[in-house]
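Given next are the chains, with one letter for each unit.
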Amino acid sequence: MLRRLQGRDVCEIGCGRAGIARTVGFEPRSYSGCDFSTEIMRSNRQTFPHWNFREIVEKDRLPFADQGFDSVFALFVLEHVVWPDHFIRELARITRRSGEILIVCPDFHGRLEMASQVLGRSGLSGREKLQRGQCLQAIHTTLVGRVLAPRFLRRRLANAAVEPVCLMNARPSCFEQEFYADADAVYVTHQGEIDTTFG
């Protein structure tokens, strides 16, 4: 990916603390990044004064002009987006016609599961429930997680590459448990659906 970004006008959506800026070999012509945190964007501007950092203020619009970048990329952002089809159209809006969009996200559709899906009332895994002696709850969680949920996802997403459905996880772990990486993932990412949305 770094080779593809060399010498180009680049924009990173969901840049956080701009970790890519610290990567050896990252040499774009220009770099812009955006995220929701005003504090982190302010810190990035101080650390990297020669690059452009902006806060995302409007929930439905990225803070950049139309067709401003050769390469737009989002690393592990799409699965956290509530309106993925609109988000993808926004990526396209700020990308030049001859440019490219790079998206890296988990293969939730391929795994037929969600990293942040709460199963059962406690949110514990089947194994954790079994270790606590909660045998019936462990069986229920395992049945839902290994059999019922995958069947539901397979059926619901069967034609998503033809007719996008943008399936959402309405009960992410972040609402009920201590936060961890991907606890707020809501979109069941699907390669075919993403490709179709770009089409």
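Everything here concerns the structure above.
Residues numbered from 1 in each chain as written. Predicted model: local features only at pLDDT ≥ 70, side-chain atom pairs only at ≥ 80, totals over all residues. Heavy atoms only, no water.

Draft legend 1. Structural context of unusual backbone geometry. Positive phi, normally seen in glycine, also occurs at glutamine 67, with a value near 50°. With respect to the helices, strands and loops of the structure, glutamine 67 is situated in the loop between strand 3 (52-55) and strand 4 (69-75). By relative accessible area, which is 34% here, glutamine 67 ends up partly exposed. For cysteine 166, which is not a glycine, the phi torsion comes out positive at approximately 50°. Examined against the element boundaries, cysteine 166 turns out to sit in the loop between helix 6 (135-156) and helix 7 (191-198). Using a relative accessible area of 16% as the deciding quantity, one classes cysteine 166 as buried. (Helix = DSSP H or I, 4+ residues; strand = E, 2+ residues; numbered from the N terminus. Buried < 20%, exposed > 50% of the residue type's maximum accessible area, 1.4 Å probe, protein only.)

Draft legend 2. Main features of the sheet that holds strand 4. Ordered in space as 3-2-1-4-5, the five strands form an open sheet in which the pairing is parallel. At either margin of the open sheet sits one strand with a lone partner, and together these are strand 3 and strand 5 (95-104). Across the sheet, the mean angle separating the axes of adjacent strands is 20° when strand polarity is ignored. As defined by bridge partners, strand 4 adjoins strand 5 across six bridges and the pair is classed as parallel. (Pairing = 2+ DSSP bridges. Axes fitted to C-alpha atoms, helices over the stretch in contact; angles between N-to-C directions.)

Draft legend 3. Spotlight on helix 6. Over its 22 residues, helix 6 extends 30 Å from the first C-alpha to the last, a length consistent with the 32 Å expected when each residue adds 1.5 Å. Of all the bends found along helix 6, the most pronounced is centred on valine 144 and spans about 40°. Buried residues of helix 6: Ala138, Thr141, Gly145, Pro150 and Leu153, and no others. The inward-facing, buried residues of helix 6 abut helix 5 (126-131). (Expected span 1.5 Å × (residues − 1). Bend = angle between axes of the 7 residues up to and from the residue. Contact = heavy atoms within 4.5 Å.)

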